[in-house]
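Residue-level structural notes
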Amino acid sequence: MSLLVALAAQKNRILPEPVSNAAKLGLELHYKFGGGKNIGLAKAIASGKPLDLEQIEAIADFLKPLSRMRRIRVG
């Protein structure tokens with residue numbers, strides 16, 4: 001997913017629709033079951049509007065540990 005973030009940053013800073021849809025689902029679950037208060041970035045992604053570079057960097061920082069975890073093979 002970080003590749004999608006990088007592409008969005010280079011083009012029009014709008015994340016692809018599947019990412020926006022995932023953010024919408026995450027917000028629905030947040031409102032239904034509760035969660036943290038830091039949902040501003042999720043709201044921005046779900047809106048489908050262009051993100052600023054600070055928001056894109058926050059997404060990339062969030063995804064870095066996940067990309068390292070995917071490289072670990074079990075078995």
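Located above this text is the structure these notes cover.
In this report, we go over the structure that sits alongside the text. (Residues numbered from 1 in each chain as written. Predicted model: local features only at pLDDT ≥ 70, side-chain atom pairs only at ≥ 80, totals over all residues. Heavy atoms only, no water.)

**Some points on the overall build of the protein chain**
Defined as follows: A run of DSSP states H or I qualifies as a helix once it reaches four residues; a run of E qualifies as a strand once it reaches two. Both are numbered from the N-terminal end. Throughout, exposure labels follow a simple rule: accessible area from a 1.4 Å probe, protein chains only, divided by the maximum for the residue type, with under 20% read as buried, over 50% as exposed, and the rest as partly exposed. What makes two residues a contact is simply this: any of their non-hydrogen atoms within 4.5 Å. Values of accessible area rely on a 1.4 Å probe in the Shrake-Rupley scheme; residue burial ignores everything except the protein chains shown.
Scanning the protein chain from terminus to terminus reveals 4 helices and 0 strands. Sequence-ordered secondary structure for the protein chain, helices as α and strands as β, is α-α-α-α. Across the 75 residues of the protein chain, 21% fall into the buried class. Sequence-distant contacts, at least 24 apart, represent 45% of the contacts inside the protein chain between residues at least 6 apart. In the form shown here, the protein chain has an accessible surface area of approximately 6,000 Å², with 58% of it arising from carbon and sulfur atoms.

**Let's talk about the environment of Ile56**
Here Ile56 lies in helix α4 (residues 53-71). For the pair Ile56 and Ile45, spaced 11 residues apart in sequence, the C-alpha to C-alpha distance is 9.8 Å.

**Comments concerning a nonpolar patch on the surface**
Short version of the rule: Each patch is built from residues lacking any salt bridge and having more than 30% relative accessible area; the joining distance is 9 Å for like charges and 5 Å for nonpolar side chains (Val, Leu, Ile, Met, Phe, Trp, Tyr). By definition here, a salt bridge exists when the distance from a side-chain nitrogen of Lys or Arg to a carboxyl oxygen of Asp or Glu is within 4 Å.
On the surface, Leu25, Leu29 and Phe33 cluster together into a nonpolar patch covering about 320 Å² of accessible area. Mapped onto the elements of the fold, Leu25 is located in helix α2 (residues 17-33). Take Leu25: its relative accessible area is 46%, and that puts it in the partly exposed class.

**Section: the pattern of salt bridges**
Counting across every chain of the model gives 1 salt bridge. Across the salt bridge formed by Lys64 and Asp61, the nearest N and O atoms sit 3.8 Å from each other. Placement of both Lys64 and Asp61 in helix α4 is noted, with a separation of 3 residues, approximately one turn of the helix. The exposure class of Lys64 is partly exposed, given its relative accessible area of 44%. Among the residues examined, Asp61 registers a relative accessible area of 47% and is labelled partly exposed.

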